[in-house]
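# Coordinates in review
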Amino acid sequence: MSAQETKKITRRNFLALSGWFFFFASFFGFLASNLRFMMPNILYEPVAYFRAGKPTDFAMGVDERWMKEQRVWIVRTEKGVYALYGECRHLGCTPGWFPDQQLFKCPCHGSNYTIEGDVVAGPAPRPLYRVSVSITPDGQILVNKNIKNDVAPKESSSGNREGEQFLLKNV
Amino acid sequence: MNKLIKFITESQIWRSVFRHGVPDTERNQSLVVFSNVLLHLHPVKVKSHGLKMNYTWCLGGISFFLFIILTITGVLLMFYYVPETHRAYADMKDLEFVVSYGVLLRNLHRWGAHAMVIAVMFHMARVFYTGSYKAPREFNWVVGVLLLVLTLLLSFTGYLLPWDQLAIWAITVGTNMARATPLLGYEGPFANLLGMRIDNDARFALLGGTVVGQSALLRFYVLHCVFIPLVAALLMAIHFWRIRKDGGISGPL
């Protein structure tokens, strides 16, 4: 076969090739649009921030008043007030607060956390999330669960997590 | 009476449906299988060792039988169950305590589902131990593995539908594992290569959102009741057809 023959595109070849091209283009185009269709653009999920009340409403220790509704513990220690997100860092179950042992314990696979959120037992690889806390103009705590601080286990003791955004001091 | 039977079997309606005579000859017996859409997946003749129970233990047949039971009971359960977060749990409880024979159908569906997972696994073990995955049956082994995965996915998607605490947390744990998928999960290795975030990764596609909520329930319901059964039925047709094409039911050499 000469080089000229192989390059030659007949009308029949051209129509066949373009037919296949449009067949595959529309097939894979439709497939790609179907995949994109499965990813929603608007989520009808609960709003991720809420006003928790005045800091003075919260005594020393773990406060569970927002746990059921918002999945957040408001905790006051000597350092200040912070908000822990009630999602186990292993596979996302909700731990429970056991005041007698001063531990958060996850029912699913047994991870235990201290009042600071540090892991002391179980498979969880990282400490509990602290979420953003700030004071609104009317003096309430605004908890924003969209902003989480994710600290590596070793960094948690170095004061790293006590960034301004996640701890209210002198309130 | 004979006259009536003759009138029916010689009518045009009867003869348009059944295009063979009484199966008392080998030819008509073959025609019964050839001309029936449900039977034609079967071989016309079976080997005598195919009647021996203790080689295959009929585990594939049991799996298929359970699939049929699950399809029938599942379709019936769909008449009372609404996949909506405020209703789903109550509808499930209604099926147990209010709807006549609802508890029977729900438990048939529930235990049948457990039994199907066990039967499919035993079936796979039997095929493995008898070496029935070897040539020329390698392709059917692959189809079988896909069917095992679909069985487990049917089980997993059905797990969420009662919408009780067990369901919600089991699916929370299960889908959180998808976070760690390589490439496609936002906490998995190489997640950065494809720009994975919490709102575009594999878990997000599974749940239709970032939490196990309404969209997850609806998504699992549609997958459980329509999508996965359709794919499984298609693969089962191929699976049964290939058994015949690859030399019939497995038996001792």
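Residues numbered from 1 in each chain as written. Chains lettered and ligands numbered in written order. Predicted model: local features only at pLDDT ≥ 70, side-chain atom pairs only at ≥ 80, totals over all residues. Heavy atoms only, no water.

## Considering the overall build of chain B
From N to C terminus, chain B includes eleven helices and zero strands. Compactness check: chain B gives a C-alpha radius of gyration of 23 Å against a globular reference of 18 Å for 253 residues, more than 25% above the reference. Within chain B, the proportion of its 253 residues that are buried is 34%. A fraction of 61% describes how many contacts in chain B between residues 6 or more apart in sequence connect residues 24 or more apart. Counting only carbon and sulfur atoms, one obtains 71% of the accessible surface of chain B, whose full area is about 15800 Å². Within chain B, the 13 negative side-chain charges are centred at a point lying 11 Å from the centre of the 22 positive side-chain charges. (Helix = DSSP H or I, 4+ residues; strand = E, 2+ residues; numbered from the N terminus. Rg over C-alpha atoms; globule rule 2.2 N^0.38 Å. Buried < 20%, exposed > 50% of the residue type's maximum accessible area, 1.4 Å probe, protein only. Contact = heavy atoms within 4.5 Å. Areas by Shrake-Rupley, 256 points an atom, 1.4 Å probe, with all protein chains shown as cover. Lys, Arg positive; Asp, Glu negative; His and termini not counted. Charge placed at Lys NZ, Arg CZ, Asp CG, Glu CD.)

## Some words on the sheet that holds strand β3 (residues 72-77) of chain A
All names here are of chain A. Spatially, six strands are ordered β1-β10-β9-β4-β3-β2 in an open sheet, and the strand pairing comes out antiparallel. At either margin of the open sheet sits one strand with a lone partner, and together these are β1 (49-51) and β2 (61-63). Averaged over neighbouring strand pairs, the angle between their axes works out to 30° when direction is ignored. Here three bridges tie β1 to strand β10 (residues 141-149), and the two strands are oriented antiparallel to one another. Within the sheet, the bridge partner assigned to Y49 lies in β10 and is N144. (Pairing = 2+ DSSP bridges. Axes fitted to C-alpha atoms, helices over the stretch in contact; angles between N-to-C directions.)

## Describing the confidence of the model for chain B
Confidence in the prediction of chain B, expressed as mean pLDDT, is 93, and 100% of residues score 70 or more. At the level of chain-chain contacts, confidence expressed as ipTM amounts to 0.81, with global pTM at 0.88. (pLDDT = per-residue confidence, 0-100.)

## Comments concerning the state of the cysteines
Residues and elements named next belong to chain A. Following the criterion strictly, the structure yields one disulfide over all chains and no others. One disulfide bridge connects C93 with C108, the sulfur atoms lying 2.1 Å from each other. Note on the C93 and C108 pair: the S-S dihedral is about -90°, so by sign convention the disulfide is left-handed. Taken together, the residues C93 in the loop between β4 (80-85) and β5 (96-98) and C108 in the loop between β6 (103-105) and β7 (112-113) connect sequence positions 15 residues apart. A disulfide-free cysteine, C106 has its sulfur positioned 3.8 Å from the sulfur of C88, the nearest such atom. (Disulfide = S-S within 2.5 Å.)

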